[in-house]
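Okay, here's what each chain looks like letter by letter:
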Amino acid sequence: SAVISQKPSRDICQRGTSLTIQCQVDSQVTMMFWYRQQPGQSLTLIATANQGSEATYESGFVIDKFPISRPNLTFSTLTVSNMSPEDSSIYLCSVRGGAGDTQYFGPGTRLTVL
Amino acid sequence: AQRVTQPEKLLSVFKGAPVELKCNYSYSGSPELFWYVQYSRQRLQLLLRHISRESIKGFTADLNKGETSFHLKKPFAQEEDSAMYYCALRGSQGGKLIFGQGTELSVKP
């Protein structure tokens, strides 16, 4: 199975600032994803991080607000830009690969925006 | 459109009782269905997937294409089964994983 780490694990940020979340995987994976889990809600896919090209965003999410980088097959970053309290959520990195093409999840980054 | 519905937000049962967590889906093709579980203070992890047709921790789930359902069942619930359970769907073209709202299972002693 893939082991995923995320940094930071949590942060408290001021309105109007930006935060970059890092996701590191212990093996090369084909597909990486970023999800958001708002308080009391389910997981919502933000985007698919594509290696060597622009991320593919889901409806309701835009690159200016959530720029994503994926410089190689084991690393990705998600930036939450110009934050507002509504961005307070858990942000999860997820990867897919390995036996059975299973999808694995990172521990999440808990973001609070004041 | 792809959609996963878990009608119960909270399901509370006593230890030893049978449990069924409901999941219905909407998808025009042949999807892959999954159950993920999140125990307290742990990350989300795969419990089982329909193509494996296996039993994990005593849980089983059968894909019913006629009723578009993938309910999770266990004949005798244990306290350690208390967790958040998410049903998820992946389309036939192997793309993104879409989650239901989740059901919190509470197993009381």
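In case you missed it, the structure is sitting above this.
All of the points below concern the structure found in this document. If you're wondering where the values come from, they're calculated on a predicted model, not measured in any experiment. Every chain is numbered independently, its residues counted from 1 as its sequence is written. Think of it this way: whatever chain is written first is A, whatever ligand is written first is 1, and the rest follow in order. Only residues with pLDDT of at least 70 are given local features in this predicted model, and only at 80 or more are side-chain atom pairs given and counted; all residues enter the totals for whole chains, interfaces and linings. Side-chain measures here rest on the full set of heavy atoms in the structure, leaving out hydrogens and waters.

## Focus on the overall build of chain B
Under the scheme used here, helices are H or I runs from DSSP no shorter than 4 residues and strands are E runs no shorter than 2 residues, and both carry numbers assigned from the N terminus. A count of helices and strands for chain B gives zero helices and 11 strands. Listing the helices and strands of chain B from first to last along the sequence gives β-β-β-β-β-β-β-β-β-β-β. For chain B, the C-alpha radius of gyration of 13 Å lies close to 13 Å, the compact-globule estimate for 109 residues. Dimensions of chain B, computed from the C-alpha atoms along their principal axes, are close to 45 × 30 × 25 Å. A 1.4 Å probe rolled over the protein chains alone gives each residue an accessible area, and that area as a share of the maximum for its type sets the label: buried under 20%, exposed over 50%, partly exposed in between. Counting over 109 residues, chain B shows a buried share of 43%. For this measure, only C-alpha atoms enter the radius of gyration; the expected value for a globule follows 2.2 Å times N^0.38, where N is the number of residues.

## Focus: the side chain of Ser84 of chain A
Residues and elements named next belong to chain A. Examined against the element boundaries, Ser84 turns out to sit in the loop between β8 (75-80) and β9 (89-97). Here Glu86 takes part through its side chain, which lies 2.9 Å from a polar atom of the side chain of Ser84. Those residues in contact with Ser84 that lie beyond four places of it in its chain are Arg15, Lys65 and Val113. Pairing of N or O atoms within 3.5 Å defines a polar contact, subject to two protein rules: one partner must be a possible hydrogen donor and the other a possible acceptor, and residues neighboring in sequence count only if both atoms are side-chain atoms. Throughout, a contact is declared for two residues whenever any of their heavy atoms are within 4.5 Å.

## Notes on the state of the cysteines
Residue and element names in this part refer to chain A. By disulfide we mean two sulfur atoms from cysteines, separated by a distance within 2.5 Å. Summed over all chains, the structure comprises two disulfides over all chains. Disulfide pairing places Cys23 opposite Cys93 at an S-S distance of 1.9 Å. Across the S-S bond linking Cys23 and Cys93, the dihedral sits near -65 degrees, which makes this disulfide left-handed. Placement of Cys23 in strand β3 (residues 19-25) and of Cys93 in strand β9 is noted, with a sequence separation of 70 residues between them. Judged by its relative accessible area of 0%, Cys23 falls in the buried class. Overall, Cys93 belongs to the buried group, its relative accessible area being 0%.

## Section: the packing of aromatic side chains
Residue and element names in this part refer to chain B. Between 30 and 60 degrees the pair is tilted, below 30 it is stacked and above 60 it is edge-to-face, where a pair is any two Phe, Tyr or Trp rings, Trp via its six-membered ring, whose centres lie within 6.5 Å. Applying the stated criterion across every chain, the model contains 10 aromatic pairs over all chains. On the basis of an interplanar angle of 50 degrees and a centroid distance of 5.6 Å, the ring pair of Phe59 and Tyr85 is categorised as tilted. With Phe59 in the loop between β6 (45-49) and β7 (60-61) and Tyr85 in strand β9 (residues 83-90), this residue pair connects regions lying 26 residues apart in the sequence. Of the two residues examined, Phe59 and Tyr85, each falls in the buried class.

## A few points about the sheet that holds strand β7 (residues 68-72) of chain A
All names here are of chain A. Being paired, for any two strands, means DSSP has found at least two bridges between them. The four strands are arranged β1-β3-β8-β7 in an open sheet whose pairing can be described as antiparallel. On the outer flanks of this sheet lie β1 (4-7) and β7, each paired with one strand and no other. With strand direction ignored, the average angle separating the axes of adjacent strands in the sheet is 15 degrees. As judged from the three bridges shared by β7 and β8, these two strands associate in the antiparallel manner. The residue of β8 that forms the bridge with Asn72 is Phe75. Fitted lines through C-alpha atoms serve as axes, helices being fitted only where they are in contact, and the angles separating the N-to-C directions of these axes extend from 0 to 180 degrees.

## Some words on the interface of chain B and chain A
Every contact between the two is made by 16 residues of chain B and, on the other side, 19 residues of chain A. Buried surface at the junction of chain B and chain A, summed over both partners, amounts to about 1,400 Å²; 44% is from carbon and sulfur atoms. A pair is scored as a salt bridge if a Lys or Arg side-chain nitrogen falls within 4 Å of a carboxyl oxygen belonging to Asp or Glu. The tally of links from chain B across to chain A stands at one salt bridge. A salt bridge links Glu58 of chain A to Lys96 of chain B, with the nearest nitrogen and oxygen atoms 2.6 Å apart. Taken together, the links from chain B to chain A amount to eight residue pairs in polar contact (both at pLDDT 80 or more). Going through the elements one at a time, β5 (32-38), β6, β9 and β10 (97-99) of chain B are the ones with two or more residues in the side of chain B that touches chain A. Put simply, Ala, Val, Leu, Ile, Met, Phe, Trp, Tyr, Cys and Pro go in the nonpolar bin, Asp, Glu, Lys and Arg in the charged bin, and everything else, Gly too, in the polar bin. Its residues assigned to classes, the side of chain B that touches chain A shows six nonpolar, five polar and five charged. As a working definition, buried area equals the accessible area (1.4 Å probe) given up by two parts on being put together, with both sides summed.

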